[in-house]
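Residues per chain are reported as follows:
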Amino acid sequence: MIQTELAIVGAGPAGLSAAIEARRAGADVLLIDENARPGGQLFKQIHKFFGSRAHKAGTRGINIGTELLRESQELGIRTCLKGEVCGIENGQNLWVVIDRNRSEIVKAKKIILATGATENAVAFPGWDLPGIMGAGAAQTMINVNRVLPGRKVLMLGSGNVGVIVSYQLLQAGADVVAVLEAAPKLGGYGVHTAKVARAGVPFYVSHTVKQAFGTDHVEAVEIVKLDASFNQIPGTEHIMEADTVCLATGLTPLTELAWLAGCKFKYLPALGGHLPIHDDRMRTTKENIFVAGDITGIEEASTAMEEGRLAGINAAADLGYISEEEAKIRSREIWDSLNCLRSGYFGQKRRESKDLMLQTGNEVIQWKIH
Amino acid sequence: MNRIIHHPILGEKKPSKEVVIYVDDKPIIAHEGEMIAAALIANGIFINRYTLHKHKPRGIYCAIGRCTDCIMTVDGVPNIRTCITEVKEGMRITTQKGAGVWQKEDQQ
Ligand SMILES: Cc1cc2nc3c(=O)[nH]c(=O)nc-3n(C[C@H](O)[C@H](O)[C@H](O)COP(=O)(O)OP(=O)(O)OC[C@H]3O[C@@H](n4cnc5c(N)ncnc54)[C@H](O)[C@@H]3O)c2cc1C
Ligand code: FES
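What comes next concerns the included structure. Counting restarts for each chain, with residues numbered from 1 along the sequence as it is written. All chains are assigned letters beginning at A, and all ligands numbers beginning at 1, according to the order in which they are written. In view of the model being predicted, local features appear only for residues whose pLDDT reaches at least 70, and side-chain atom pairs are presented and counted only at 80 or more, with totals across whole chains, interfaces and linings using the full set of residues. As a rule here, side-chain values cover all heavy atoms of the structure and leave hydrogens and water aside.

Our focus in this paragraph is the overall build of chain A. Put simply, DSSP marks the helices as runs of H or I at least four residues long and the strands as runs of E at least two long, and each gets a number from the N terminus on. In terms of helices and strands, chain A carries nine helices and 19 strands. Since a compact globule built from 370 residues should have a radius of gyration of about 21 Å, the 21 Å found for chain A is in line with a globular shape. Judged by the C-alpha coordinates and their principal axes, chain A covers about 65 × 45 × 35 Å. Considering chain A as a whole, with its 370 residues, one finds that 57% of them fall into the buried category. Two things to know: the radius of gyration comes from C-alpha atoms, and the globule rule equals 2.2 Å times the number of residues to the power 0.38. Buried means the residue's accessible area, taken with a 1.4 Å probe over protein chains only, is under 20% of the maximum for its type, while exposed means over 50%, and partly exposed covers the values in between.

Given below as structure tokens:
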């Protein structure tokens, strides 16, 4: 058995930021991640971030990741890598399988779940062929593992992940044959979309993949036009040669541990679906359990870091390392910053859903910060 | 083969120590510290397993350990997510068929 004051599950931008704040306040922290290296999805984000300068805008995700790792090392944060958290009990015991062959129970006074998200799939005939993968999977392969999963890539989805990964595929030396978007208009930030368009990649709005062909691997894809109700229009099909199809069709929060713990949920489609209810201190309905990052709704690394800091500060306050007053003041500052990140065309929708979440959270969450 | 050596943002790929791993008994060169699935792609191998009922080929899908499409039998242990498991010198990997079988008595 390993004992700790605060166990954090997931060492992505949210978990790392939470660990840094809590450790800085003096708490004994154990940061657990199933990967061999910390960083979550941050080290594949080689583009520059948006937001204000205070949010490290203009800095690339990889550099932010390196900075967070340096800070966590300086603070001597205890980490348990290659540790899969497979269970949670009584809101304080975590069952961790380490290195695939050793079982360990981690007993913690407080827990922060920062497990991130997973990519959505789209089913069409042939969608299970090798060569068809999440856009984030291709991003991981090119930017983290430095291998090209394909040469001629068709991207399904023109949202931010779709256009960012398309551009990164071009940078890695692949050819992006087209970006398809089922909706009648493009979905990503203008800056990223423009870069891909300038590189000569054709965009097809109101289009989707009808089917993929191939025996051991994708060889070609049939695309089709969609009407206003997203029905395929017969006779508009055409075939494109491609050895890879990337699906950039959204993410779903990884909430299993929160379900297992018995947290109450709220359905907010704009944030990715069923989400553990949390209040403005990132506390869930289950005593001693906090959440931060994509598990609370699909957003970006910058919001994940701010939510991580909130959870870290409030967990440390709950453990008695920060006064309630100070935690309140610092939380308010972080909320100002979050509200600023959640502005603009894309941010506003997330902001509205977050406000609904906080309303519910502040109403139903009863347990007190001591 | 499929390695990205030059990159406009990430720079040149740092030289890595090479290790030999065996895929269905054939030796391939991998880079120390990399994930098995990446080493396979680098060597042009895109099929990780065949499904239980329809025997259809599968490759990586999420590359972050979520979907289990990339599972293979590694050193006698089936169902290993190769996208988040590092290569080791001399590692023996087999393309998994269905649910796979444990290949060593003592690991059952
Ligand atoms: C593949 C992918 C690519 C993305 N690319 C972009 C992008 O280019 N731009 C952008 O703005 N956003 C992108 N996103 C959104 C991204 O999720 C956020 O930017 C940010 O990384 C979220 O931070 P997080 O800390 O909440 O989660 P993550 O960064 O996902 O970190 C969560 C960590 O927890 C670990 N974990 C989960 N469950 C367990 C468990 N049970 N036991 C142990 N460890 C566990 C995971 O392996 C992971 O390391 C991407 C998301 C994904 C999934
Ligand atoms: S590709 Fe999804 S678990 Fe490996």
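Residues are called lining when one of their atoms sits within 4 Å of a cavity or pocket point, these points coming from a 1 Å grid over the protein atoms alone, where a cavity is a set in which a 1.4 Å probe fits but cannot get out and a pocket is an open set with protein on both sides within 12 Å along at least five of seven lines. Grid points are joined across faces, edges and corners, and a volume is the space filled by probe spheres set on the points. One pass over the full model with this rule turns up one cavity of 30 Å³ or more. Size it by volume and the largest cavity reaches roughly 60 Å³. Around the largest cavity, the lining residues are A:Pro130, A:Gly131, A:Met133, A:Pro149, B:Ala37, B:Leu40, B:Ile41, B:Ile45, B:Phe46, B:Asn48, B:Gly59 and B:Ile60. Examining the composition of the lining of the largest cavity, we find that three residues originate from one element, helix α1 (residues 36–42) of chain B, more than from any other.

So, on to the site of ligand 1. As a structural note, the neighbourhood of ligand 1 is formed by 32 residues, with A:Asp33, A:Gln41, A:Val85, A:Gln139 and A:Asp294 the closest of them. Working definition: residue near molecule or strand if any one of its non-hydrogen atoms lies within 4 Å of it. Nearby residues around ligand 1 are contributed by chains A and B. Between an oxygen atom of ligand 1 and a main-chain N or O atom of A:Ala14, the distance comes to 2.9 Å. With respect to ligand 1, the backbone of A:Gln41 contributes an N or O atom lying 2.9 Å from an oxygen atom. In isolation ligand 1 has 960 Å² of accessible area, and contact with the protein removes 95% of it. Elements supplying a minimum of two residues to the shell around ligand 1: α1 (13–25), β4 (83–89), α3 (135–144) and α7 (301–318) of chain A. Considering every element that reaches the shell around ligand 1, the biggest residue donor is β4(A), with three residues. Three classes are used: nonpolar for Ala, Val, Leu, Ile, Met, Phe, Trp, Tyr, Cys and Pro, charged for Asp, Glu, Lys and Arg, and polar for all others, with Gly counted as polar. Here the shell around ligand 1 is built from residues that sort into 13 nonpolar, 13 polar and six charged. What qualifies as a polar contact is a pair of N or O atoms within 3.5 Å, subject to a donor-acceptor requirement within protein and to the restriction that residues adjacent in sequence count only when both atoms come from side chains. Surface exposure here means Shrake-Rupley accessible area, sampled with a 1.4 Å probe, where a residue is shielded only by the protein chains that are shown.

Here we come to the layout of surface pockets. In this structure, the second largest pocket occupies an estimated 660 Å³ of space. Lining the second largest pocket are 24 residues, with A:Asp99, A:Arg100, A:Asn101, B:Ile80 and B:Thr85 positioned closest to its centre.

All names here are of chain A. Only when DSSP finds a minimum of two bridges between them are two strands counted as paired. Within the open sheet, the five strands sit side by side as β8-β15-β9-β10-β11. Their pairing is parallel. Edge positions in the sheet fall to β8 (132–134) and β11 (203–205), since each has one partner strand and no second. Shown here is a sheet whose adjacent strand axes are inclined to one another by a mean of 20°, direction ignored. For β8 and strand β15 (residues 244–247), the ladder comprises three bridges, and the chain directions are parallel. Across the sheet, Ile 132 pairs through a bridge with Val 245, a residue of β15. Here a residue-residue contact requires only that any non-hydrogen atoms of the pair lie within 4.5 Å. Fitting a line to C-alpha atoms yields each axis, with helices limited to the stretch in contact; the angle taken between N-to-C directions then spans 0 to 180 degrees. Against the sheet, helix α4 (residues 160–171) makes contact with β9 (152–156), β10 (175–181), β11 and β15, and its axis sits at roughly 170° relative to β9, the strand it touches most.

Coordinates in, geometry out; function isn't part of it.
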